[in-house]
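Chain and residue survey
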Amino acid sequence: MITPILLCGGSGTRLWPLSRKSFPKQFTEVVGDETLFQASARRFVGEGFVDPVVVTGNDFRFIVTEQLEEIGVSHAGIIIEPSGRNTAPAAIASAIFAAKSNPDTLILLVPSDHSVSDPDAFRDAVEKGRIAAEEGQIVTFGIAPTRAETGYGWLESGDITHDGVHKLTRFIEKPNTARAAELFADKRYLWNAGVFLASAQTLIAAYKKHAPEIYEAVQLALAQGMEDLSFTRIDPELWEKVPEDSIDFAIMEKVDNVSVVRFEGHWSDLGGWESVWQESGHDAAGNAVSEHSTALDCENSLLRSESDEIELIGIGLKNTVAVAMRDAVMVADMSESQNVKKAVQVLKERGAKQADHFPVDHRPWGWYETLILADRFQVKRIHVDPGASLSLQSHHHRSEHWIVVAGTAKVTVDDKVTLLTENQSVYIPLGAVHRMENPGKVPMVLIEVQTGAYLGEDDIIRYEDKYARGQGAKG
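How each quantity is defined
- Residues numbered from 1 in each chain as written.
- Predicted model: local features only at pLDDT ≥ 70, side-chain atom pairs only at ≥ 80, totals over all residues.
- Heavy atoms only, no water.
- Helix = DSSP H or I, 4+ residues; strand = E, 2+ residues; numbered from the N terminus.
- Rg over C-alpha atoms; globule rule 2.2 N^0.38 Å.
- Contact = heavy atoms within 4.5 Å.
- Areas by Shrake-Rupley, 256 points an atom, 1.4 Å probe, with all protein chains shown as cover.
- Lys, Arg positive; Asp, Glu negative; His and termini not counted.
- Charge placed at Lys NZ, Arg CZ, Asp CG, Glu CD.
- Expected span 1.5 Å × (residues − 1).
- Domains from an automatic or database assignment.
- Buried area = accessible area lost by both parts, 1.4 Å probe.
- Salt bridge = Lys/Arg side-chain N within 4 Å of Asp/Glu carboxyl O.
- Pairing = 2+ DSSP bridges.
- Axes fitted to C-alpha atoms, helices over the stretch in contact; angles between N-to-C directions.
- Buried < 20%, exposed > 50% of the residue type's maximum accessible area, 1.4 Å probe, protein only.
- Parallel < 35°, antiparallel > 145°, perpendicular 65-115°, else oblique.
- Left-handed = near helix turned anticlockwise from the far one by under 90°.
- Patch = residues over 30% accessible without salt bridge, like charges linked within 9 Å, V, L, I, M, F, W, Y side chains within 5 Å.
- UniProt positions renumbered as here; feature names shortened; annotations may be inferred.
- Nonpolar A, V, L, I, M, F, W, Y, C, P; charged D, E, K, R; others polar.
- Phe/Tyr/Trp six-rings, centres within 6.5 Å; stacked < 30°, edge-to-face > 60°.
- Lys NZ or Arg CZ within 6 Å of the ring centre and 35° of its normal.

**Some thoughts on the overall build of the chain**
Of regular secondary structure, the chain possesses 11 helices and 30 strands. Its C-alpha radius of gyration of 24 Å places the chain within 12% of the 23 Å reference for a compact globule of 475 residues. Dimensions along the principal axes, computed over C-alpha positions, put the chain at roughly 75 × 60 × 40 Å. Looking at the chain alone, contacts between residues at least 24 apart form 68% of all its contacts between residues at least 6 apart. For the chain, the accessible surface area stands at approximately 21,100 Å², while carbon and sulfur atoms represent 50% of it. A gap of 3 Å separates the mean positions of the 46 positive and 69 negative side-chain charges of the chain.

**Details of helix H7 (residues 212-223)**
The end-to-end C-alpha separation of H7 is 16 Å, in line with the 16 Å expected for 12 residues at 1.5 Å each. On the buried face of H7, the contacting elements are helix H3 (87-101), helix H6 (200-210), strand E11 (231-233), helix H8 (236-239) and helix H9 (247-252).

**Let's talk about the domain arrangement of the chain**
According to the domain assignment, the chain consists of domain 1 (2-268), domain 2 (283-339) and domain 3 (360-464). When each unit is reduced to the centre of its C-alpha atoms, the spacing between domain 1 and domain 2 is 32 Å. The interface of domain 1 with domain 2 comprises seven residues on the first partner and 10 residues on the second. Summing both partners gives a buried area of about 700 Å² for domain 1 against domain 2, and 54% of it is carried by carbon and sulfur. Put simply, Asp 327 and Arg 20 hold a salt bridge, and the shortest N to O gap is 2.8 Å.

**Section: the sheet that holds strand E20 (residues 360-363)**
In spatial order, the strands read E20-E21-E22-E29-E24-E27; together these six strands make up an open sheet with antiparallel pairing. Only two strands of the sheet have a single neighbouring strand rather than two, namely E20 and strand E27 (425-428). Ignoring which end each strand starts from, the neighbouring axes of this sheet average 20° apart. Alignment of E20 against strand E21 (residues 366-374), held across four bridges, turns out to be antiparallel. Opposite Val 360, over in E21, you have Glu 369 as the bridge partner.

**Some words on helix H2 (residues 61-70)**
With respect to burial, H2 is a largely interior element, seven of its 10 residues being buried. Those residues of H2 that fall on the buried side of the exposure criterion are Arg 61, Phe 62, Ile 63, Val 64, Thr 65, Gln 67 and Leu 68. For H2, the elements touching its buried residues are strand E1 (2-8), helix H1 (36-43), strand E2 (53-57), strand E3 (77-81), E11 and E20. Just beyond H2, the residue with positive phi is Gly 72, at close to 70°.

**Focus on the packing of H3 against H6**
Angle between the axes and distance between the axes: these two values describe a pair of packed helices. One way to put it is that H3 packs onto H6 with a least axis distance of 9 Å and a crossing angle of 135°. The orientation of H3 with respect to H6, classified from their angle, is oblique. Relative to H6, H3 is oriented so that their crossing is left-handed. Contacts between H3 and H6 involve Ala 88, Ala 91, Ile 92, Ala 95, Ile 96 and Ala 99 from the first element and Ala 200, Gln 201, Leu 203, Ile 204 and Tyr 207 from the second.

**Some thoughts on a negative patch on the surface**
A cluster of acidic side chains, namely Glu 29, Asp 33, Glu 69 and Glu 70, defines a negative patch on the protein surface. Take Glu 70: it is sitting in helix H2.

**Some remarks on the UniProt feature "domain: Nucleotidyl transferase" (unreviewed entry) in the chain**
Mapped onto the present numbering, the UniProt feature "domain: Nucleotidyl transferase" (unreviewed entry) falls on residues 4-282. Within residues 4-282, the helical portion is 35% and the strand portion 25%, while the C-alpha atoms at the span's ends are 33 Å from each other.

**So, the environment of Phe 44**
Relative to the elements of secondary structure, Phe 44 occurs in the loop between H1 and E2. For Phe 44, a relative accessible area of 1% corresponds to the buried category. The spacing of Phe 44 and Val 110 is 66 residues in sequence and 9.9 Å in space, taken between C-alpha atoms. Setting aside residues up to four positions removed in sequence, Phe 44 forms contacts with Pro 4, Phe 49, Val 50, Leu 108, Val 110, Phe 122, Arg 123 and Val 126.

**Section: the packing of H6 against H7**
At a minimum axis separation of 5 Å, H6 and H7 run at an interaxial angle of 120°. The pairing of H6 with H7 is recorded here as oblique in orientation. Contact residues: H6 offers Ile 204, Tyr 207, Lys 208, Lys 209 and His 210, while H7 offers Pro 212, Ile 214 and Tyr 215. For the contact of H6 with H7, the residue count by class is five nonpolar, one polar and two charged.

**Here's the deal with the pattern of salt bridges**
A complete count under the given rule lists 25 salt bridges for this structure. Of the charged contacts in the structure, one is a salt bridge between Asp 186 and Arg 188, with a shortest N-O distance of 2.8 Å. A single network of salt bridges, built from pairs that share partners, joins Glu 156, Arg 170, Asp 186 and Arg 188.

**Quick word on the packing of aromatic side chains**
For any pair of aromatic rings, the description rests on two quantities: the centre-to-centre distance and the angle between the ring planes. Counted according to the given criterion, the structure contains 14 aromatic pairs. On the basis of an interplanar angle of 45° and a centroid distance of 6.2 Å, the ring pair of Phe 23 and Phe 27 is categorised as tilted. Of the two residues examined, Phe 23 and Phe 27, each falls in the buried class. Ring-pair connections join several aromatic residues into one group, and the members of that group are Phe 23, Phe 27, Phe 37, Phe 60 and Phe 358. Between the NZ or CZ atom of Lys 380 and the centre of the ring of Tyr 368, over which it lies, the distance is 4.0 Å.

Structure, rendered in structure tokens:
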């Protein structure tokens, strides 16, 4: 049996403004009707696979569990990285974790932000690599290229070792245009998908030999971690001592037991808006146009409105990307869309919150969005899932007024508990100990008006919390 390891800690800034540090692209519906993370999890469910292990960051732990529940996929564990250390530490942490349950298990390291239009074909490719992996090979997967791509690393495949499996001759860094054309013309060369299949013990042995510093540091940080609800928290202080490196540089380019399976199906890492345009449906003029967007006399352009309150109109555009959200708009020439991360850096330097923060803030109980933020008052829309509840809390600097607009709210204010329905409201005085809960079967929505000298999310003291978040804005 194969244990999928879903890696989902990246920030995805190349798809800004849809993807941001606080809510990266793997958790969004970039293409299709489900998120990239959900599609990745569903891709490896069924015969031959056990429940996946997920490696993610602290802020995304409840998003992971919620999105898995939405598609009916259970998990074998969720490992919380205190901070991103690139793919090499995450990979060996998951191998050590999986080996505890079954030392002989095969693990499949999979980025959770890729698009594969034919998941059955990709599972077939994984099955082709199984025998080689069981024999001690580290199997990677090369995508049959469809163009001379400069944005991907490449692989050189060698002699056939098993049915559909080749010896990997070498890894090739992202090429320039001329070199990419040469690679594309030779059938030996494939795009590097960054997916690896190996036994947990094979991967551990490779780290012990070629990256012992990473292995020992990760093993110690994982051993000193703690269980928190359904999560495994790696020790944060020890994790900061782990060397930062990619799995390619740390291991794969050094070992001599790497094989490659050629995948002929359609694949994309959705590494930029041009890739999203390529993966989207087009009209007769080559335009990919979302709901609430209109293309007039446009050609080969992507017009995408992410808000039902914003109508995006493009007139006479050619080879252009335009993405509109409630708090940010991005317009770029298609050929320059890979440089969106430069714009994010400019916004960070200016102190613009849009650089990192998504307009909707997700919590384990649901989500909220700020509708108005001004001096001394803030208005939010808060969505609480059925059966969910916020923590029992108080504030030093603000009072709150809650108006229920949908569903039923169970509200605690000091010693008083009240049920509120639509169009009913309650006032929360400064310093009062309070909580809101949704006891119903449908989502509960309320409008919160905050007033006070300081309205930051860190003005919160938690007394009880079913999600064990501790203190702080998110815990």
